[in-house]
Structures are given as C-alpha cells and as structure tokens.
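Summary of structural features
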Amino acid sequence: MSVADAPGVHDPSGRGSAFSGATGGTSESVVEPLVFERSRPGRRAVRFPAASERARAAAIGQPVVPEFARRAAAPGLPELSELELLRHYNRLAHLNQAIDLNFYPLGSCTMKYNPKVNEWAAALPGLADSHPFDPEPLAQGSLELMWLLAELLEDISGFCAVSLQPAAGAHGELTGMLMTRAFHRDNGEGEQRRKVLVPDSAHGTNPATATMVGYETVTIPSNQRGGIDLGALRGALGPDVAALMITNPSTLGIFEDQIDQVVAAVREAGAIAYMDGANLNAILGRFRPGAAGFDVMHFNLHKTFSTPHGGGGPGAGPVGVGERLEPYLPAPIPVLAEGDPAEVRANAWAGRSTPGARFALDADRPRSIGKVRSCHGNFGMFVRAYTYIRSNGGPGLRTISEDAVLAANYLRVRLRDAYDLPYDRPNKHEVVFSGRRQKREHGVSTLDIAKAVLDHGMHPPTIYFPLIVEEAMLIEPTETESLETLDRFVSVMHDIAGQVAADPDSVRRAPVTTPVGRLDEAAAARRPDLRWAHDGDEETASPA
Amino acid sequence: MTYSPHTDADRATMLAAIGVASVDELFDDIPASVRAGGWDVPPPLAEQEVRAELARLARRNRIPEVSFLGAGVYRHLVPAVVGEVIGRPEFATAYTPYQPEVSQGTLQSIYEFQSLICELTGMEVATASHYDGATATAEAALMACRLTRRDRIAVSAGVSPDTRRVLATYCSGPGIEIVTVPIDLSQGGTGTTDPAVAAAALGSDAACLVAAQPNFHGQIEPMRDLAEVAHAAGAQLVAVVEPTSLSILEAPGAYGADIVAAEGQPLGIPASFGGPFVGLMAARMGSVRQMPGRLVGATRDVEGRRGYVLTLQAREQHIRREKAASNICTNQALMALAATTYLAAVGPSGLREVAELSITQARHLVTALESAGLARRRFGGSYFAEVTVTVPDAARRHAALVEQGIVAGHLAERDEPDLRDTLLLATTELTTDDDIDRLVEALAATR
Ligand SMILES: Cc1ncc(COP(=O)(O)O)c(C=O)c1O
C-alpha cells in the first residue's frame, strides 16, 4: 500500500499504515516503489504505428545501421501500462509540498503563485510547436514575443538592451561576467583586472561564476546594518578589479541605502557594476538598476515573473545591460528589422499586429561573447513571463512589490518577539531571523525548527543562508499570500518557539507527519547510491 | 490584473502593525537620486484580453504543414501522459528539494531519471539535469579538463554548430583552447571524424575529444575508434548523443566514452522555439566528484524507510562557492521529469519503434528524392534518421518551399559555407508517407 492509497490515515507514529508497505522480496520499507520495480515485461503505455509497406520497400537498398555501431542489449527501461505509470507519478506527486498546496516562504526563491493562464499560453500549439530553426517568415510570432518581452524588461530595469538566452540566474551571471571580461580585454585591461568583489552575504552562484570565467573572488564584509561596508569596498577597489557583483536588495532582504555611492565608486575604479537581480520582486517600479548606473543585471523570470520553479527548473535568466556592455551581448538577438518600434509597441499593447513589421535574429554582432545556450533560450518561460507582465501591467507590477514588501515587514514585526532579528530595520521582500537563542538556550537548531514547520503542513523558510547570519531563517512570503495565511504562519512560528522552550526534544524529533522522517544524508554521501540497479529478480527487474 | 489577495483593509492592518503610515515609507531607504521615475510598461489586461494577445502572437507563427527540420531539435510524439504528469502542481510549483521530507516526489523522480539515463547510456552515474545539450557538452568538456588537468580540447566538426558555439563561449572563460577536428564534407566524402585526424588534433596534451553520434550531418561515427585514439592520447572521450538513437546504437558506456552529454528534448519535450529543454550528462563513478550539477542519492530515514536526498553537495556552489565544480543552481528539473515519464511510457520496445520508424522514413525519403532525380546523398557510409543531401540551387528552392509551408530541412550552408547546395533532412516517427510525397512534389516543382 502506498500513501496515495490511503491519504490522511494517521497512526501514533504519525505516518500511518500507508507507510508500512514493502516491495515483494525485500525487507526494506518503501513509500512508493521505483518505476523500475513496478515494471512487468510486456506491458506498455504508448504504441506507435508500423512503417507502411511502401516505406519499408523504399528503404531496402539504402545503407542500414552498420553492425559495428549497433547496441547489443536493449536499454533496461521499465514497462508499465499507462494507468500504472500515471498512478506511480501521481503517488509521487502526493509526497511533495508545493505552492499550489500551501505556504512556501523559501527566502531568496520568490515562491509566488504561478498563474494558470501562463500555462495556457505556453501550451498554445502556435508557440509550443514552433521550431527554433524555422525560417524567420514562419516564426514572426515567436520573434515578436521575444522582442516585446525584451522591451518590457528594459522598461522595468532601465537597461538599454536585454539578452534572453541565459537559462537561469547563474547562467545570466556567467553571461554577465563573460561580457565583463570581454569589455576589459577590449580596453587593454584584460590581464590586469582579475578580481571580482563579492559581498559576504552573496549567493554561492556569484563566487562560483567568478571562478568559471577565470576570476579570483575577493569577499567584502557587510557592515553592522546589513549593508556593504563602503570603506572596505573602497579599499578593495583598484586597477586589478574587474567587477563588483552585488545583490540588491541583499540576501538579507535589505536595500543597499548607499547604492548610489557603491555604483559610483565601482565605476570610478573602472570596474563593472553587476547587480544580481534575484530580488527584483521587491523593487518593481521603485528602483531601476540600469537607470541607477549598473552595467549589467540578470533577471530570474522564475522568481519575479512567476514562471513555475518545476522542482528545480526550468527557469530563465535574461541579462540587461547598459551601453558599455551592449556590444558584448550573446548573439543572436531578436530585432525589429522593419517597422517603427514605437508603433509596433503601441499596437502590441492594444493587442494588434503591425502591418509591414518584420522581426529577425541579428547574428551580426562582431564583439558578442557568442552563444551561451543553444537556440534562443527557454522560450516557454518567455511566454509565461510576457503573459504575466501584460496581465499585471505597470500598476500591477508596482503593487506586486508593495505587497511583497508589506507582507515581509509584517512578518518582521510579528515574529521579532519570538526569534532574534539580527537586523531590526525595515526590510524589503524578505526578512532574516536567527535561531541562535533557541540553539543556545535549548539546544534546538534552526534545522530542527524547520522540520517542526513541516509538521504544520507548511514549507519552512530558507535556512543557513545567508551564511553571515548564525542559524539563519530567511523568510520570503511574497505578495500572493493572504493575511490569514501570514497570520497562520505567525502562530505556527510562535507555537514552535513555545515548544522549543517547553519540550525541546519533541522539536528535535520533528517531523513526524511527513511521508518520511529525517533522512540519513551522511550515509547517502558516504555510500553513494545514485541509480537503481537490476537485482536479477525476475519479478521486479525489467529485461535487458 | 494582479494576483495579490490583499484588500485595502488587509493593507491597513499590516501598515498599522508595522507602524508606518504608508507603504511608501518602506521604500525610503532607496536613495532619492536613484529612485525610479516613470516607465513605459503598459496597463494591465484582464484574462480574456491577455488570452487574445497571446493568441495573436501564436497566430503570427506559421507552423509548417510539412517539415523535415531537425538540426538538433526534433518533432516527436509527446504522449499525453507526459503533459499530465509534468502539469501536476505538486511537481510544477515546488522548488529544489532542500527539505527532503516533503520533496520525496521530486527526489524519487530525479533518482529514476538518473537511473534511466544510466540505462540508456550504459554509464554509471548521471546528473539531475543541465540547461540543454549544448551547455551539458560544455560542462562535460570543462569536467574533462579538471579530471586531466589539461587545458586544451579537440572537438569534432561533426558536433552541431550550435553546440560548438556554446562550447567556445564556455571555454573562453577559463581560457581553454579548442582545436577543431575537420571532417571531409565534400561530395562523396565520409562526413565522419577520421580517427587519424582526431589523433593528430589531440596530440599529447588534450583533455578530451568531443564527438557526436550520430553527428550533425546524420552520419554514423566510428565511436569505438575515436575512444581508442582519445585514450591513447591520455584524453577523455566526450560522446554527444541523441537519446532516442540509443535504443539501436551502441551505448556510449560500451564503446569507452568517459563522459556523455546529450540534448534530452527528443524525450517527450516539445520544440517550443528552443526551450525549455533538458541537458543530460553521465559519467563513470570514478569521476563523480568532478561532476557539475545536482545528484540525488538513496538513503534511509530514521525509521529505516527508503528515501532520497540531494547528495555529494560538496561539489556545488552553495557549499563550495568559488571552489565549486560549476555555478549551476536552478536546472531543468521539470523537463527531466518529462524525459523520465516519456522513457517509462514508451519503454524499451516503444523507444525502439520510434528509432526504427525514424530510420525507415529517412531511407524512404532518400530513395524517393533520388529516384525523382532531385537529390543525392552527400556522403558515403551510413546515417541514422537525419541525412545530408545535395540539391542543386538549394537556397532558392528551400525559400520557395517555405512560402508553401514546407520546410525542406536545414539549409546547411547557413552554418557551414563548405556545404553549399545541401539540405539536412530529419525524419521521426511522425513523418508520414504523405509528407515525403509532398516534399518530393514541391521540390520537383521548383526545378
Ligand atoms: C540571490 C541569488 N542569486 C542567484 C541565484 C541563482 O539563480 P538560479 O538558481 O536561477 O541559477 C539565486 C537563486 O537560486 C539567488 O537567490
């Protein structure tokens, strides 16, 4: 029996008989067997037609696939009926927490509602069946959509150009840093500028990206107020610095209130000012990084613009650039080859096509860093983000940030009596608490607290990030959570704080209501078991 | 239209709790000199309006009635069950499974994905996805450089031009030199990588040889020989493969590939103008600590139940920061689930039928074109389900057919000036006899 067979069954262990099922022949207890273990030789879900007589006859005489290149044994794929297959994945789905089920305040990830009309749009056959190498006359709709989205992202960010190619935030960072290198090289400073400055609160992708382009990372400390230490920044800037990568608002949820001076100092030193735009959801309509002097920024369409996170992607990480880096953007770029941009925009905003307008892909960009991804990027995400921006419109985007910031500040004031607040000042879209008091006084870690949140049916905040906050809990409620949900989360967090004091052991035992309990991660790393292997058992193994 | 649930009363409650008079006060920390002025973002649209706008853009595309275009992205059947599974909100609206107790669905499906990719490739370990085949190939080459501590790579000209472009961009970062292994593209040439030429390009200090099977021109490469020359040079073989072909073609693990990279799009993912796709990567267990990207491993919970977790994270950016094997964070998990569902749906016999139908139609197509006197195969040797043919005046005729909604494959000279008057034609299980007739008729009419 599996969890999906008996939803909601509870026994004293909290998990119910739903979890006592074992696969035949093994003593190990499993929640849901692997798809391989559900396989039975001869079953299938999908059938294909046979080649016609004519096709087979015509193929005779053409070279066959030569013996030397042929596979000896078929790959060991599972064999299931469509219903068995569907039930298997539906059961697995039941084991997940997700935005569509409950509150998911995972800081830095912007787990907002993913509107369903976006999915409808991405599935339109005219878009979903469009081949990336279709000749331009057949792909005018896809190209127009990309051009319009880039225009909107430019409006939103204040940059003068955008490349949609990068497939995620980190990929946008890589793109930005490669452009930075190309810029310095063209200025004859490629050899000399080898350092990238990264605040100590930065996401791990920032230093990892610097390494991927052959740069050395220099960590800049934060000040007591959670901002970058301007003195330390000025001290580190020099003729050997290629760029500053700064997240704003920072990963502490704090807007860098000296951002004007930061950007000025970086530019004065001849370095590139890179903004990690993961937290753009806090500042729509309030701060436009391009207009404020940043040279480059990546967007996370899967955060700010609501494309579903998919259990770890796909995302999309377009980059916006100012004039200094524009020549280096990845090619090709969708362009309006014929037509007046203002007219095409005005028409599109009114839902009309512009007669005579022609869109094309401009590959003739001699100083481009080249391509960072095949084809044109994660187009399906562009469709969703475009739909979302058009649905919200300018005023709606401003409201998004206002409500996201309001909700996060509300949680700050409502939770600060229960947990330590290292930076007690108005924050933006997220707020970082510390579980250090609970750790010190009761020996209950932030990990334990997170696990206790699971027992309340909610997803916990991001924990142990940013690294500069001891026992960090980074909470990002987003704008789409109702006041009732926020209040319920507040009471859950208060209850847990009370439980930590009254019965710390019970918190350390959490979670008890989830499909599985705490997992042995150390054992997983010590003896990596990264794939299912045939065990030779006729019952469960699929034939080779 | 906004998706915020807040009423003015809710907002007032929150403002009062925070102790500010207006939401503007919460933005006071933005220095006045850089506060945003106006912008040109248009007004909001209601659902019916936004639907009309997206339908307009979809209509502006013209999906060809007949298409033989592949060149790395293929139109295959996407079984309905695949869409059903990846559309489930428990998969689609979750994120990276940082909390394994409430992410077993995602984690187990990734473990299944890793297992399926190992089965398909004959390799020992597969990662939990990359952005696409091109970036997976680039990361594989960088991994080979780390493993061999060398900084030069040899890349067959049979690897797709799009992939080679991305590879060049990635290698420009750490300053890795790329030597291209040329292949004979002349009429009647082999159209494949010559092991002796590859050996010369590898020399004694290359980290890897990157070669594709089948190659971009549809030709079947001598992978075993290429593995031998790579290993003789102390280099790794990075095999770039097409996943549906692996139901028939030798598993890379069996011919000595050290790292496998692939575009997973043919496994149940629509063309969608180029993405989202999924990059596959597989390798030997001995190299696992140099692999980029996520890995899921099986373990037990406190009560002995089987469960799954993200593992070997000491390779990744969130732990290792500047010392990480890669900067990759968000990957293509939902598309990996599509590939997983697809492989389980078609099973071993279905995948074989897909490949066999595609192969048969490719040969049917060549026969039909040759017997009508319209085209001849460019190269000797054998091909898989994509074929390069020589067609006089190809560029003009390709354009003429586009007007009729027929895409006569990929015009090869766009990427390879040496390949004038050649078309790269792809067939899949969706190619019908009628499609072939229409192409032949239309091409004949442009003579
Ligand atoms: C601050 C910050 N920067 C960069 C990233 C990397 O973005 P992605 O996961 O899309 O690669 C993230 C999110 O994961 C982030 O939170």
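Residues numbered from 1 in each chain as written. Chains lettered and ligands numbered in written order. Predicted model: local features only at pLDDT ≥ 70, side-chain atom pairs only at ≥ 80, totals over all residues. Heavy atoms only, no water.

1. Points about the overall build of chain B
So the rule is basically this: Helix and strand definitions follow DSSP, with helices as H or I runs of at least four residues and strands as E runs of at least two, each counted in order from the N terminus. The cut-offs for exposure are 20% and 50% of the maximum accessible area for each residue type, with area from a 1.4 Å probe on protein chains only; residues under the lower value are buried, those over the upper are exposed, and the others partly exposed. Contacts are residue-level and defined by heavy atoms, with any inter-residue pair within 4.5 Å sufficient. Only the protein chains shown count as cover for residues, and the accessible areas themselves come from Shrake-Rupley with a 1.4 Å probe. Positive residues here are Lys and Arg, negative ones are Asp and Glu, while His and the chain termini are left out of the count. Just so you know, the charge point we use is NZ for Lys, CZ for Arg, CG for Asp and CD for Glu.
The secondary structure content of chain B amounts to 14 helices and 15 strands. When each of the 447 residues of chain B is scored for burial, the buried share is 69%. Considering only contacts within chain B whose residues lie at least 6 apart along the sequence, 70% involve residues at least 24 apart. Total accessible area on chain B is roughly 13,300 Å²; 51% of this is exposed by carbon and sulfur atoms. Taken together, the 37 basic and 53 acidic charged side chains of chain B have centroids lying 3 Å from each other.

2. Remarks on the sheet that holds strand 14 (residues 410–411) of chain B
Residues and elements named next belong to chain B. The line we're drawing: In short, DSSP must find at least two bridges between two strands for them to pair.
With respect to topology, four strands assemble into an open sheet ordered 11-12-15-14, the strand pairing being antiparallel. Looking at the sheet topology across the chains shown, the edges are occupied by strand 11 (376–377) and strand 14. Note that strand 12 (residues 386–390) and strand 15 (residues 422–426) share five bridges and pair antiparallel. Pairing of Glu386 across the sheet is with Ala426, part of strand 15.

3. So, the pattern of salt bridges
Side-chain pairing between opposite charges can occur once the charged atoms of the two side chains come close. Selection criterion: Counted as salt bridges are all cases of a side-chain nitrogen of Lys or Arg within 4 Å of a carboxyl oxygen of Asp or Glu.
As enumerated under the stated definition, the model contains 55 salt bridges over all chains in all. For Arg412 of chain A, the salt bridge goes to Asp424 of chain A, with nearest N and O atoms at 3.4 Å. Linking Arg412 of chain A in helix 11 (residues 379–415) with Asp424 of chain A in the loop between helix 11 and strand 10 (431–434), this pair joins segments that are 12 residues apart in sequence. Its relative accessible area of 5% is what places Arg412 of chain A among the buried residues. One salt bridge connects Arg152 of chain B with Asp205 of chain B, and the closest N-O pair in it is separated by 2.8 Å. Of the two residues, Arg152 of chain B is situated in strand 3 (residues 152–156) and Asp205 of chain B in the loop between helix 8 (195–202) and strand 5 (208–213); the sequence distance between them amounts to 53 residues. Assessed through its relative accessible area of 11%, Arg152 of chain B is described here as buried.

4. Here's the deal with the site of the ligand
The test is simple: We call a residue near a molecule or strand as soon as one heavy atom of that residue lies within 4 Å of the molecule or strand. Pairing of N or O atoms within 3.5 Å defines a polar contact, subject to two protein rules: one partner must be a possible hydrogen donor and the other a possible acceptor, and residues neighboring in sequence count only if both atoms are side-chain atoms.
The local shell around the ligand holds 16 residues, among which Ser108, Gly169, Asp276 and Lys303 of chain A together with Thr330 of chain B are the closest. This site is not confined to one chain, since residues near the ligand come from chains A and B. Within the backbone of Gly169 of chain A, a nitrogen or oxygen atom sits 2.7 Å from an oxygen atom of the ligand. In this structure, an oxygen atom belonging to the ligand sits 2.7 Å away from a side-chain N or O atom of His302 of chain A. Burial of the ligand by the protein amounts to 99% of the accessible area it has alone, namely 390 Å².

5. Brief notes about the interface of chain A and chain B
Put simply, the test is: Defined here as a combined quantity, buried area equals the accessible surface (1.4 Å probe) lost by two parts on assembly, summed across both. Gly falls in the polar group here, along with every residue not listed as nonpolar (Ala, Val, Leu, Ile, Met, Phe, Trp, Tyr, Cys, Pro) or charged (Asp, Glu, Lys, Arg).
Tallying the contact residues gives 214 residues for chain A and 191 residues for chain B. Of the roughly 17,200 Å² buried between chain A and chain B, counting both surfaces, carbon and sulfur atoms make up 62%. It is Phe48, Arg71 and Leu530 of chain A in chain A that bury the most area against chain B; as a group they hold 5% of the surface buried on that side. Along the contact surface separating chain A from chain B lie 13 salt bridges. One salt bridge connects Glu119 of chain B with Arg531 of chain A, and the closest N-O pair in it is separated by 3.2 Å. Inspection of the region where chain A meets chain B yields 101 residue pairs in polar contact (both at pLDDT 80 or more). Broken down by element, the residue count for the side of chain A that touches chain B peaks at 28 residues, all from helix 11 of chain A. Taken together, the residues of the side of chain A that touches chain B break down into 116 nonpolar, 55 polar and 43 charged.

6. So, the packing of helix 2 (residues 82–94) of chain A against helix 5 (residues 104–121) of chain B
Our working definition: Fitting a line to C-alpha atoms yields each axis, with helices limited to the stretch in contact; the angle taken between N-to-C directions then spans 0 to 180 degrees. For classification, angles of less than 35 degrees are called roughly parallel, those exceeding 145 degrees roughly antiparallel, those between 65 and 115 degrees roughly perpendicular, and all remaining angles oblique.
Close contact between helix 2 of chain A and helix 5 of chain B brings their axes to 7 Å; oriented N to C, the two are set at 135 degrees. Looking at the two axes, helix 2 of chain A sits oblique to helix 5 of chain B. Between helix 2 of chain A, through His88, Tyr89 and Leu92 of chain A, and helix 5 of chain B, the contact on the second element is made entirely by Gly105, Gln108, Ser109 and Glu112 of chain B. A class-by-class count of the residues in the contact of helix 2 of chain A with helix 5 of chain B yields two nonpolar, four polar and one charged.

7. Concerning the pairing of strand 8 (residues 279–283) of chain B
Residues and elements named next belong to chain B. Among the five residues in strand 8, five count as buried, and that is most of the element. On strand 8, burial covers both faces: Gly279, Met281 and Ala283 on one face and Leu280 and Ala282 on the other are all buried. Of the pairings in the sheet, the one linking strand 2 (residues 125–126) to strand 8 comprises two bridges and is antiparallel in character. For Val125, the partnering residue across the bridge sits in strand 8 and is Ala283. Summarising the sheet, strand 7 (residues 259–263) and strand 8 pair through five bridges and their orientation is antiparallel. Its bridge partner lying in strand 8, Ile259 is registered against Ala283.

8. A closer look at helix 2 (residues 47–60) of chain B
The cut-off we apply is this: A helix is expected to span 1.5 Å multiplied by its residue count minus one.
The end-to-end C-alpha distance of helix 2 of chain B is 20 Å, a good match for the 20 Å that 14 residues give at a rise of 1.5 Å each. Residues of helix 2 of chain B that are buried: Val50, Glu53, Leu54, Arg56, Leu57 and Ala58 of chain B. At its buried positions, helix 2 of chain B is contacted by helix 3 (116–122), helix 4 (125–128), helix 5 (140–157), helix 10 (341–349) and helix 11 of chain A.

9. Overview of the confidence of the model for chain A
The predicted coordinates ought not to be read in detail in places where the model reports low pLDDT. What counts here: Per residue, pLDDT captures the predictor's confidence, and it can take any value from 0 to 100.
The predicted model of chain A averages 93 in pLDDT, with 93% of residues at 70 or higher. For the stretch residues 536–544 of chain A, pLDDT sits under 50, and the model shows 21 contacts to residues farther than four places along the chain or on other chains.

10. Some remarks on the sheet that holds strand 6 (residues 296–298) of chain A
Residue and element names in this part refer to chain A. Spatially, the seven strands line up as an open sheet ordered 1-7-6-5-4-2-3, and their pairing is mixed. One side of each edge strand has no neighbouring strand; the edge strands of this open sheet are strand 1 (161–163) and strand 3 (216–220). Between one strand axis and the next, the sheet turns by 25 degrees as a mean value, whatever way the strands run. Taken together, the three bridges between strand 1 and strand 7 (residues 319–321) define a ladder with antiparallel strand orientation.

11. Describing the state of the cysteines
All names here are of chain B. The test is simple: To count as a disulfide, a pair of cysteine sulfur atoms needs to be within 2.5 Å.
Under the counting rule described, the total for this entry stands at zero disulfides over all chains. No disulfide involves Cys145; its sulfur sits 5.7 Å from the nearest other cysteine sulfur, which is in Cys208. Residue class for Cys145 comes out buried when judged on its relative accessible area of 8%.

12. Digging into the domain arrangement of chain A
Residues and elements named next belong to chain A. We apply this condition: Note that domain bounds follow an automatic or database assignment of domains.
Here the domain parsing of chain A yields domain 1 (130–377) and domain 2 (400–522). With 24 residues of domain 1 at the contact, the number on the domain 2 side is 18 residues. Here domain 1 and domain 2 share an interface that buries about 1,700 Å² over both sides, 58% of which is from carbon and sulfur atoms. Scanning the region where domain 1 abuts domain 2 turns up two salt bridges. Ionic pairing is found between Arg425 and Asp257, a salt bridge with its closest N-O pair at 3.4 Å. Counting across the interface, domain 1 meets domain 2 through 10 residue pairs in polar contact (both at pLDDT 80 or more). Split into classes, the residues belonging to the side of domain 1 that touches domain 2 amount to nine nonpolar, 11 polar and four charged.

13. What to know about the side chain of His6 of chain B
Relative to the helices and strands, His6 of chain B is located in the segment before helix 1 (8–18). Excluding anything up to four places from it in sequence, His6 of chain B contacts Asp403, Glu479, Glu481, Ser482 and Leu483 of chain A together with Arg11 and Met14 of chain B.

14. Things to note about the packing of aromatic side chains
Quick reminder of the rule: Under the pairing criterion, centres of Phe, Tyr and Trp rings, with the six-membered ring standing for Trp, must be within 6.5 Å; the plane angle then separates stacked pairs below 30 degrees from edge-to-face pairs above 60, leaving the rest tilted.
Counting across every chain of the model gives nine aromatic pairs over all chains. Ring centres of Tyr388 of chain A and Tyr3 of chain B lie 6.1 Å apart, and the angle between their planes is 10 degrees; this geometry places the pair in the stacked category. Here the residue Tyr388 of chain A occupies a position in helix 11, and Tyr3 of chain B occupies one in the segment before helix 1, the pair thus bridging two chains. Centre to centre, the rings of Tyr111 of chain B and Tyr308 of chain B are 4.9 Å apart; their planes meet at 45 degrees, and the pair counts as tilted. On the criterion of sequence distance, the pair formed by Tyr111 of chain B in helix 5 and Tyr308 of chain B in strand 10 (residues 306–310) is long-range, its members being 197 residues apart. Judged by its relative accessible area of 3%, Tyr111 of chain B is buried.

15. Section: the domain arrangement of chain B
One widely used convention gives an interface's size as the accessible area the parts lose upon coming together. All names here are of chain B. One can read the domain layout of chain B as domain 1 (80–343) and domain 2 (347–445). With centres defined by C-alpha atoms, the gap from domain 1 to domain 2 works out at 28 Å. At the interface, 27 residues of domain 1 touch 25 residues of domain 2. Each partner contributes to the roughly 2,000 Å² buried at the junction of domain 1 and domain 2, and carbon and sulfur atoms together form 57% of this total. There are one salt bridge connecting domain 1 and domain 2. Here Arg165 and Asp415 are joined by a salt bridge, their closest N and O atoms 2.8 Å apart. If you look at where domain 1 meets domain 2, you find 14 residue pairs in polar contact (both at pLDDT 80 or more). Among the secondary structure elements, those contributing two or more residues to the side of domain 1 that touches domain 2 are helix 7 (161–172) and helix 12 (333–371). Grouping the amino acids of the side of domain 1 that touches domain 2 by side-chain chemistry returns 12 nonpolar, 12 polar and three charged.

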